Amino acid sequence: MIAGPFFVLTLVAALGCGLVAGVFFAFSTSVMRTLAALPPAQGIAAMQKLNVLIINPLFLLVFVGTAGVCVVVAVVTFVLWPDPGTVALLLGSALYLFGSFGVTVAANIPRNDALAKLDPQAQESVEPWRSYVREWTAWNHVRAAGALAGCAAFVLGLAA
């Protein structure tokens with residue numbers, strides 16, 4: 001059974017993954033659906049503003065901080081190998097780091113950067129906006145699932 005400071009570290013990783021999964025889930029199920037239902041100019045402008053405002057200390061602490069904690073958990077897990085729960089802890093770290101953080105860097109941020117260049121009022125922005133909503137939301141589902149699966153794996157590791 002995991003105990004002491006490593007228990008606390010793993011618990012923080014699980015809670016961070018769960019919190020990030022919740023943010024991404026809320027975005028997919030409500031925010032993106034709302035923005036897609038708006039006239040394109042309004043949806044584009046709103047998402048452009050969201051992409052600026054989401055980069056704040058609290059969100060970054062949770063999102064990037066969880067990635068950092070996952071790296072530490074993975075390193076410590078290799079030291080503890082093959083104790084009970086170590087496979088689950090490595091899996092939890094990988095799921096968050098690749099399935100959530102990595103997907104954000106590789107898929108969502110480039111789409112956000114492209115969206116930032118669109119003129120919300122321009123007619124030629126309508127089709128890129130529709131593609132953005134479809135593709136960004138699909139990748140957002142992936143990163144939400146990665147974070148949630150990472151949370152579950154950490155919980156299983158703690159219970160081992």
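Structural data are supplied above this passage.
Residues numbered from 1 in each chain as written. Predicted model: local features only at pLDDT ≥ 70, side-chain atom pairs only at ≥ 80, totals over all residues. Heavy atoms only, no water.

Draft legend 1. Layout of the pattern of salt bridges. Counted under the stated rule, the structure contains one salt bridge. Close ionic contact of glutamate 135 with arginine 111 constitutes a salt bridge, the shortest N to O distance being 3.2 Å. Of this pair, glutamate 135 sits in helix α5 (residues 126-159) while arginine 111 sits in helix α4 (residues 86-116), and the two are 24 residues apart along the sequence. (Salt bridge = Lys/Arg side-chain N within 4 Å of Asp/Glu carboxyl O. Helix = DSSP H or I, 4+ residues; strand = E, 2+ residues; numbered from the N terminus.)

Draft legend 2. Representation of α4. Counted at 1.5 Å a residue, the expected span for α4 with its 31 residues is 45 Å, and the 42 Å between its end C-alpha atoms agrees. Largest kink in α4: about 45°, centred on threonine 104. (Expected span 1.5 Å × (residues − 1). Bend = angle between axes of the 7 residues up to and from the residue.)

Draft legend 3. Focus on helix α2 (residues 40-53). If you check α2, its first and last C-alpha atoms are 20 Å apart, about what 14 residues at 1.5 Å a residue would give, namely 20 Å. For α2, every residue scored as buried is listed here: Gly43, Ile44, Met47, Gln48 and Asn51. Down the axis of α2, the buried set is contained in an arc of 130°. They therefore lie on one face. What points out from α2, more than 90 degrees from its buried face, is the exposed set Lys49, Val52 and Leu53. Each element contacted by the buried residues of α2 is listed here: α1 (4-37), α4 and α5. (Buried < 20%, exposed > 50% of the residue type's maximum accessible area, 1.4 Å probe, protein only. Arc of directions from axis to C-beta. Contact = heavy atoms within 4.5 Å.)

Draft legend 4. Local environment of the packing of helix α3 (residues 57-80) against α4. Following both chains from N to C, one finds α3 and α4 inclined at 150°, their axes separated by 9 Å at the closest point. One way to sum up the angle between α3 and α4 is to call them roughly antiparallel. Both α3 and α4 take part in a crossing whose hand is left-handed. Between α3, through Val62, Phe63, Val64, Thr66, Ala67, Cys70, Val71, Val73, Ala74, Thr77, Phe78 and Leu80, and α4, the contact on the second element is made entirely by Thr86, Leu89, Leu90, Ser93, Tyr96, Leu97, Ser100, Phe101 and Thr104. Residues belonging to the contact of α3 with α4 are distributed by class as follows: 15 nonpolar, six polar and no charged. (Axes fitted to C-alpha atoms, helices over the stretch in contact; angles between N-to-C directions. Parallel < 35°, antiparallel > 145°, perpendicular 65-115°, else oblique. Left-handed = near helix turned anticlockwise from the far one by under 90°. Nonpolar A, V, L, I, M, F, W, Y, C, P; charged D, E, K, R; others polar.)

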